[in-house]
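Chain by chain, the residues:
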Amino acid sequence: VPEDIRRCLAATGAAGVMSSEAALENPAIFNNKPTSRTVQTQLAREYIQLAREHPPRCASVIKAHLFKLLYMGLNEAPHIRHKLGEAMEAAAILATAEEACAAEEAASA
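Residues numbered from 1 in each chain as written. Predicted model: local features only at pLDDT ≥ 70, side-chain atom pairs only at ≥ 80, totals over all residues. Heavy atoms only, no water.

Colleague: I tried to follow the overall build of the protein on my own but got confused; where do I start?
Modeller: When you go through the protein residue by residue, the secondary structure sums to 7 helices and 0 strands. The N-to-C order of helical and strand elements in the protein reads α-α-α-α-α-α-α. In terms of principal-axis extent, the alpha carbons of the protein reach across some 45 × 35 × 25 Å. By the burial criterion, 29% of the 109 residues in the protein qualify as buried. Expressed as a percentage of contacts within the protein between residues at least 6 apart in sequence, the contacts between residues at least 24 apart total 58%. Put simply, the protein shows about 6900 Å² of open surface, and 58% of that area lies on carbon and sulfur atoms. Once the 11 positive and 13 negative side-chain charges of the protein are each reduced to a mean point, those two points are 2 Å apart. (Helix = DSSP H or I, 4+ residues; strand = E, 2+ residues; numbered from the N terminus. Buried < 20%, exposed > 50% of the residue type's maximum accessible area, 1.4 Å probe, protein only. Contact = heavy atoms within 4.5 Å. Areas by Shrake-Rupley, 256 points an atom, 1.4 Å probe, with all protein chains shown as cover. Lys, Arg positive; Asp, Glu negative; His and termini not counted. Charge placed at Lys NZ, Arg CZ, Asp CG, Glu CD.)

Written out as structure tokens, the structure reads:
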């Protein structure tokens, strides 16, 4: 994807390129790592730890980011996706995300 960014900058002459949804689904996109369920799970685990260490003011931010980071796995586990959607408190959101990660890791083992 960085080559796409270079082409866009060259074609438009712009100083920068905005990226949102794709970068939230796979922040490793800037390290040339393709999106995969394994990569998403690893990144979600990192995010969970960071969210615990540096909690945002609003739990909905955590939920929104985790829905993006765990997109592929949550599509395969609608019961966990629903549980994450129902969670309102940060602790419940993070616990459900850990459940989703564990399910992904078990499925790939």
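Further notes follow.
Colleague: Can you help me understand the confidence of the model for the protein in this one?
Modeller: Detailed conclusions should not be drawn from predicted coordinates in areas where pLDDT is low. When pLDDT is averaged along the protein, the result is 89; 97% of the residues meet or exceed 70. Averaged pLDDT values over the elements of the protein bottom out at 73 in helix H2 (residues 21-25) and peak at 97 in helix H6 (residues 78-86). (pLDDT = per-residue confidence, 0-100.)

Colleague: How do you make sense of the packing of helix H3 (residues 37-53) against helix H4 (residues 59-69) when you look at a structure like this?
Modeller: Geometrically, a packed helix pair is captured by the angle between its two axes and the distance between the axes. Running from N to C, H3 and H4 cross one another at 165°; their axes reach a closest spacing of 9 Å. As far as their axial angle goes, H4 and H3 are roughly antiparallel. The element H3 and its partner H4 pack so that their crossing is right-handed. Together, Gln40, Leu43, Ala44, Tyr47, Ile48 and Ala51 of H3 and Val61, Ile62, His65, Leu66, Lys68 and Leu69 of H4 make up the contact between the two elements. The residue makeup of the contact of H3 with H4, split by class, is 9 nonpolar, 2 polar and 1 charged. (Axes fitted to C-alpha atoms, helices over the stretch in contact; angles between N-to-C directions. Parallel < 35°, antiparallel > 145°, perpendicular 65-115°, else oblique. Left-handed = near helix turned anticlockwise from the far one by under 90°. Nonpolar A, V, L, I, M, F, W, Y, C, P; charged D, E, K, R; others polar.)

Colleague: Looking at this structure, how should I read the side chain of Glu104?
Modeller: Position of Glu104 relative to the elements: it lies in helix H7 (residues 90-108). Judged by its relative accessible area of 11%, Glu104 falls in the buried class. Within the local environment of Glu104, its side chain forms a polar contact with the side chain of Arg37, the two groups lying 2.8 Å apart. With residues up to four places along the chain from it excluded, the contact list for Glu104 reads Arg37, Thr41 and Gly73. (Polar contact = N/O pair within 3.5 Å; in protein donor to acceptor, adjacent residues only side chain to side chain.)

Colleague: Please clarify how the environment of Met88 should be interpreted in this entry.
Modeller: Relative to the helices and strands, Met88 resides in the loop between H6 and H7. Placed 44 residues apart in sequence, Met88 and Ala44 show a C-alpha to C-alpha distance of 18 Å. The contacts of Met88, once residues within four sequence positions are left out, are Ala59, Lys63 and Ile93.

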